[in-house]
Amino acid sequence: DAGVTQSPTHLIKTRGQQVTLRCSPKSGHDTVSWYQQALGQGPQFIFQYYEEEERQRGNFPDRFSGHQFPNYSSELNVNALLLGDSALYLCASSLAGGQGYTFGSGTRLTVV
Amino acid sequence: AQRVTQPEKLLSVFKGAPVELKCNYSYSGSPELFWYVQYSRQRLQLLLRHISRESIKGFTADLNKGETSFHLKKPFAQEEDSAMYYCALSKSRSTDKLIFGTGTRLQVFP
C-alpha cells in the first residue's frame, strides 16, 4: 500500500501564476482533505472533498479551489499566486465515518 | 473560536527524563483531541487520540475538560522520540477537519 501520494514534491512558481497540486489517496479511502503548512506553523485546513464535492472549507480565499475525481484522487488549484502562498501543502485521506487521516509527504511550493 | 495552543516551540530533555508536551484548546462543544508526530524526513502521522485511551510508544495523554488541556506525557524519554509534535482537535466525527497547534519540537539528548 503506497499510502497517500502527492505530486510534485517541489515546485517553484512566479507571483501571479497558477498551480495545480495532485493527490492520490490511500487505497480504500474516499475522502481527501488539503492543508497548508507555512514555515513554523501547524497545518491549516483548506478544504475537504467527498463524493466529488467540496464538503468543508477553511478560511481560504476563492483563489484556492479543488476537485475530486471518480477514483477519489484530488487536485488543489491556486490562482494568482502570492508570495504568501509559499508553503508545504499536505493532502490527507480518510474513509468517511472512519478513524482518522493518513497524510502524504506534501508538496513544497515556493512562489518567487 | 476554535483554537489549539502549544506554548512551547522547543522542549529539550536528556534521555531517561520525563517529558510533558503541553496542549490547551478552546472549543464550544466536545471535541476529539489528537497528537500527531512528524519524525525527521517523514510524513505527519497519528500518535494517539483521546478516545482510544491508549499508550503508544510509551506516550499517554489525558483529556482534562475542566482545564481544556490534552498534555502529552512520557515517563522516560528516548533519543528516537526526537520529533515535531502537533496537538489537534476536530468535531466529534473523526474525519471532520483538524485544527492544529503550532507544534513543539522535542529534542532528546543522549
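Scroll up for the structure.
In this text the structure is predicted, and so the values were computed from the model without any measurement.

Some points on the interface of chain A and chain B
In step 1: Counting residues at the interface gives 23 residues for chain A, matched by 15 residues for chain B.
In step 2: Of the roughly 1600 Å² buried where chain A meets chain B, counting both sides, 46% is carbon and sulfur surface.
In step 3: Applying the counting criterion to the chain A and chain B interface returns 0 salt bridges.
In step 4: Between the two partners, chain A and chain B, sit 7 residue pairs in polar contact (both at pLDDT 80 or more).
In step 5: Of all the secondary structure elements, the ones that give two or more residues to the side of chain A that touches chain B are strand S4 (31–37), strand S5 (44–50), strand S6 (53–57) and strand S9 (87–94) of chain A.
In step 6: Its residues assigned to classes, the side of chain A that touches chain B shows 9 nonpolar, 13 polar and 1 charged.

Describing the environment of Asn77(A)
Residue and element names in this part refer to chain A.
In step 1: Here Asn77 shows up in strand S8 (residues 74–78).
In step 2: A residue is classified by how much of its surface remains accessible, and Asn77, at 14% relative accessible area, is buried.
In step 3: For Asn77 and Lys13, which are 64 residues apart along the polypeptide, the C-alpha to C-alpha distance reads 13 Å.
In step 4: Engagement of the side chain of Asn77 in a polar contact is seen with the side chain of Thr20, the distance being 2.6 Å.

Details of unusual backbone geometry
Residues and elements named next belong to chain A.
In step 1: Cis geometry marks the peptide bond from Ser7 to Pro8; its omega dihedral reads -10 degrees.
In step 2: Structurally, Pro8 can be placed in the loop between strand S1 (5–7) and strand S2 (10–13).
In step 3: Despite not being glycine, Glu52 shows a phi value in the positive range, around 65 degrees.
In step 4: Using a relative accessible area of 43% as the deciding quantity, one classes Glu52 as partly exposed.
In step 5: Its identity is not glycine, yet Tyr72 carries a phi of approximately 80 degrees, on the positive side.
In step 6: Structurally, the position occupied by Tyr72 is in the loop between strand S7 (64–68) and S8.
In step 7: The exposure class assigned to Tyr72 is partly exposed, which follows from its relative accessible area of 38%.

Points about the pattern of salt bridges
Residue and element names in this part refer to chain B.
In step 1: Enumeration over the complete set of coordinates arrives at 7 salt bridges over all chains.
In step 2: Linking Lys22 and Glu20 is a salt bridge whose minimum nitrogen-to-oxygen distance equals 3.2 Å.
In step 3: Classification of Lys22 by relative accessible area gives partly exposed; the value is 30%.
In step 4: We classify Glu20 as partly exposed; its relative accessible area is 28%.
In step 5: Between Glu32 and Arg49 there is a salt bridge, with the nearest N and O atoms lying 3.1 Å from each other. With Glu32 in strand S5 (residues 32–38) and Arg49 in strand S6 (residues 45–49), this residue pair connects regions lying 17 residues apart in the sequence. The same class applies to Glu32 as to Arg49, namely buried.

Reading the values: the criteria
Residues numbered from 1 in each chain as written. Chains lettered and ligands numbered in written order. Predicted model: local features only at pLDDT ≥ 70, side-chain atom pairs only at ≥ 80, totals over all residues. Heavy atoms only, no water. Contact = heavy atoms within 4.5 Å. Buried area = accessible area lost by both parts, 1.4 Å probe. Salt bridge = Lys/Arg side-chain N within 4 Å of Asp/Glu carboxyl O. Polar contact = N/O pair within 3.5 Å; in protein donor to acceptor, adjacent residues only side chain to side chain. Helix = DSSP H or I, 4+ residues; strand = E, 2+ residues; numbered from the N terminus. Nonpolar A, V, L, I, M, F, W, Y, C, P; charged D, E, K, R; others polar. Buried < 20%, exposed > 50% of the residue type's maximum accessible area, 1.4 Å probe, protein only.

So yeah, pure geometry; function would need other evidence.
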